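Read off the chains here:
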Amino acid sequence: VEASIPEPQREAWTKHQASGFKDKDGFEQEVVRHVETTLARSMFNCDEQAAYAACSLAFRDRLVLEWNRTQQRQTFADSKRVYYLSLEFLMGRALDNAMLNIGQKDLAKSGLADLGFRIEDVIEQEHDAALGNGGLGRLAACFLDSLASLNYPAWGYGLRYRYGIFKQEIIDGYQVEVPDYWLDFNPWEFPRHDVTVDIQFYGHVQKSTDASGKSIAHWEGGEVVKAVAYDVPIPGYATPSTNNLRLWSSKASGGEFDFQKFNSGDYESSVADQQRAETISAVLYPNDNLERGKELRLKQQYFWVAASLYDIVRRFKKSKRPWREFPEQVAIQLNDTHPTLAVVELQRILIDLEGLEWDEAWNIVTNTFGYTNHTVLPEALEKWSVGLIQHLLPRHLQIIYDINLFFLQTVERQFPNDREILRRVSIIEESQPKMVRMAFLAIVGSHKVNGVAELHSDLIKTTIFKDFVEIFGPDKFTNVTNGITPRRWLHQANPRLSDLIASKTGGYDFLTDLTKLNQVENFVNDKAFRKEWAEIKYANKVRLAKHIKESAGVEVNPSSLFDVQVKRIHEYKRQQLNIFGVIHRYLTLKNMSPEERKKQLPRVTIFGGKAAPGYWMAKQIIHLVNAVGNVVNNDKDIGDLLKVVFLEDYNVSKAEIIVPASDISEHISTAGTEASGTSNMKFVLNGGLIIGTCDGANIEITREIGENNIFLFGNLAEDVEDLRHSHTYGSHNIDPDLAKVFEAIEKGMFGSQQDFAGMITAVRDHGDYYLVSDDFHSYIETHALVDEAYRNQEEWITKCITSVSRMGFFSSDRCINEYAEEIWNIEPLRVEKASDGTGKG
Ligand code: 4GP
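Keep in mind it's a predicted model, so treat the numbers as computed, not measured. The numbering scheme is per chain: residues are counted from 1 as the chain's sequence reads. This being a predicted model, a pLDDT of at least 70 is required before a residue's local features are given, and a value of 80 or more before pairs of side-chain atoms are given or counted; all residues contribute to the totals for chains, interfaces and linings. As a convention, hydrogens and water are excluded, and side-chain values are obtained from all of the structure's heavy atoms.

So, about the environment of Leu497. Where helices and strands are cited, they refer to DSSP runs of H or I of at least four residues and of E of at least two residues respectively, numbered from the N terminus. Here Leu497 lies in helix α21 (residues 495-505). For every residue, the accessible area obtained with a 1.4 Å probe (protein chains only) is divided by the maximum for its type, and the residue is called buried under 20%, exposed over 50%, and partly exposed between those limits. Judged by relative accessible area, Leu497 falls into the buried class, the value being 2%. Remark: the alpha-carbon pair of Leu497 and Glu532, spanning 35 residues in sequence, is separated by 9.0 Å. Throughout, a contact is declared for two residues whenever any of their heavy atoms are within 4.5 Å. Those residues in contact with Leu497 that lie beyond four places of it in its chain are Leu490, Trp533, Ile536, Leu685 and Asn686.

Bringing helix α3 (residues 48-77) into the picture now. In this model α3 runs 42 Å from its N-terminal to its C-terminal C-alpha over 30 residues, within 8% of the 44 Å that 1.5 Å per residue would give. Phi for Asp78, located one or two positions after α3, is positive at around 55 degrees. To estimate how far a helix should reach, multiply one less than its number of residues by 1.5 Å.

What follows is about the side chain of Asp180. Along the chain, Asp180 falls in the loop between β6 (174-178) and β7 (190-201). For the purpose of counting charges, residues Lys and Arg are taken to be positive, whereas Asp and Glu are taken to be negative. His and the chain ends are not included. Whenever Lys or Arg places a side-chain nitrogen within 4 Å of a carboxyl oxygen from Asp or Glu, that contact is recorded as a salt bridge. For the buried residue Asp180, which engages in no salt bridge, the nearest side chain bearing the opposite charge is Lys610, 7.2 Å off. If we skip the residues at most four places from it in the chain, Asp180 touches His127, Ala130, Arg162, Tyr163, Gly164, Ile165, Phe166 and Lys167.

Right, let's get into the site of the ligand. Proximity is defined per residue: any heavy atom of the residue falling within 4 Å of a molecule or strand makes that residue near it. Taken together, 14 residues lie near the ligand, and Asn289, His374, Asn482, Glu674 and Gly677 sit nearest. Here Asp288 contributes a side-chain N or O atom positioned 3.4 Å from an oxygen atom of the ligand. Within the backbone of Asn289, an N or O atom sits 2.9 Å from an oxygen atom of the ligand. In isolation the ligand exposes 400 Å². Once the protein is present, 94% of that is buried. We place a 1 Å grid over just the protein atoms. Points where a 1.4 Å probe fits but has no way out form a cavity, open points with protein on both sides within 12 Å along at least 5 of 7 lines form a pocket, and any residue with an atom within 4 Å of a point lines it. Whether a molecule lies in a cavity or pocket depends on its atoms, and more than half of them have to be within 2 Å of the grid points. Of the pockets mapped on this structure, the ligand occupies the largest cavity. Residues that form the shell around the ligand fall into these classes: five nonpolar, seven polar and two charged. Among the domains, domain 1 (78-93 + 128-479) and domain 2 (486-810) are the pair contributing at least three residues each to the shell around the ligand. Polar contacts here mean pairs of N or O atoms no more than 3.5 Å apart (in protein, one a potential hydrogen donor and the other a potential acceptor; neighbouring residues in sequence count only if both atoms are side-chain atoms). Throughout, the Shrake-Rupley method with a 1.4 Å probe supplies accessible areas, and for residues the shown protein chains are the sole cover considered. Amino acid classes used here: Ala, Val, Leu, Ile, Met, Phe, Trp, Tyr, Cys and Pro are nonpolar; Asp, Glu, Lys and Arg are charged; the rest, including Gly, are polar. Residue ranges for the domains originate in an automatic or database domain assignment.

Let's shift gears to the environment of Arg162. When you line up the elements, Arg162 lands in the loop between β4 (154-159) and β5 (167-171). Judged by its relative accessible area of 30%, Arg162 falls in the partly exposed class. Note: C-alpha distance between Arg162 and Met91 (71 residues apart in sequence) is 15 Å. Excluding residues within four positions of it along the chain, Arg162 makes contact with Asp180, Tyr181, Trp182, Leu183, Glu278, Ser281 and Ala282.

Structure, rendered in structure tokens:
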């Protein structure tokens, strides 16, 4: 149905078009209006929460107007769009980001002050949108910021979980998980009750033949669940472009509940159907770098993928173009293998519903998709049992078998008489039970496959995907090194540093072209500049110290060296190496005479991060950190020389406090295991140095900032396999310093040794898979170098300033431009900047 307003009535529309607030007065007016009407409150009961709500609604109104215009612009331009499919978007808070990207934070600050509020307190009221686990989800959020800021026509597609990643509480040193119900009040989404898609599950496949004798498959029966769209506007920085993140929520189809059951008195089961449908989008799976193969997870994946593709195809069909032009209009990026069923779903739509021939359809499919791999850890590579897919998605399983058949036929032609390669690359693993290898399906169904840092992209080509490089040739495989958005991770998290840089480089252009940071290096010897630099770092440390006191109850001295490791708790990330190192430091201090001790550098070691609820070893690590903190922090001999803090419930908004306050941060994964890392980039960008292994993006950070400005240690990726082999088949001698640490734990220095036995035996008796002992000596020595370097504050500041000035490469803008050019083949849309200099029209 045509929904346009007829020409004669458009004048009235134009006259009354909403425009959002223009100045401080307008802003205040909007805030008061929202308090009084939307929230139905008054100045006599307006608390900070209400002020946050009203302020957010005022900004949301502005955003949605720009959002509308952006969508119109993109529709008129009719150019190619990219769709970023990600099961995780770790967005964090939206208000501060919206104000800064629109360029109206100062106005809001003074407007809120007029109304009796401090902007910092108002911002603090917002609940993080935590629809992700860690790096993969936060990368997706940075990408959305860059796509909008660079004016690319782009949509994100994800799931609207009712519960995001759990809230972590530390009780008696143990992690306890509490549900994160974040939707109580969320002004940043627009429910689109008119945008719904019916999603089918289960059932069976019927075959029929058409007039020409061609066989057609019909997927029939089963159950239907409704997908409802919720749209989240994503503002670009200094541009009117406001893109869309569409999140799907599940709902029972066909009414609220089954009236027949209800009328026959079976009220409970009539509501149960509804609840079962709503369960699909209820909860984010809390695993990082791990797949667990749960049926509900597969249901989530298909639900989200099918709804998104329906939407994308619907939009394409409106253009009335022939199908072969689909890949010229649509690029779809698979963020890891989670959305791989999209490959199968698009093929199904084209052959079953649109009547295309297999080859023609497959050609369209493979030219549409790109696949990004985020990990080489075997436990994270997704596989689904054939039986489960058969049950849930019977037609899709047939198509997967056909894709595999045709693929293996081409491999056979390429490598005649090589049965082994067929077995190795088959999408179906001939195990008991048979499994579908999702990464292989994603590779076969995409035109480009990329890793997320140079080392990682090389590793996937030489290890897990080696055969596919032989089959498809090396050009299909590429690297796009990750990046971060400097808007959130410098301007928002560290406003004073951003302002200082702007004052020296002639404005905030570095926020849209981060390579401009290189001008900062010209001031490395400027006394006043250095002084202010140091003051900002100190102030950031004071702020973190205050947070530590409030949340962990530990008093720390902001003049100490702040040593930070915040990220998901994982054996491969080696928080155990860190805490063993801390114990070593403690033992060393205890053995010193009081005079000797006085010469030592005071240090605060800060940990933060969540463990997957079922990850027993990770939880043990958290427990040990807290147990060590308990002893060390209360030891009178030690005082300020060493404090050990575990910060509860690490998330995006806490990272914004922690990152700017770090002196040294730890990125110490076993070489070859961390695909990239992105927090390493955030820390350096904020004037902190790194201690790290030659892994992931650490290597490229070193290349950019220079090896004098980073503390590298440990074995290299190329030696890891041999070392592991020697642990198993040779004799594994534990590093003597590490042995002393184990001894202390086993003597019960930090409580019952049984509580930590698993961490010790993993290293001593079970092959030390993560090379904790092999790297221990080098780790300890390198920390000694850190201490020494930090004593020379002048040198240290020089290192920090130099490093920041060389971080331009790590902007997610660079990264998105590479995807756009090399993988998506899309262009930005030209957008006129507003004349008021805010970037907003
Ligand atoms: C992460 C990787 O572990 C991390 O190295 C990388 O920086 C990030 O993706 C973004 O590419 N992987 C995951 C995961 O979070 O769940 O596999």
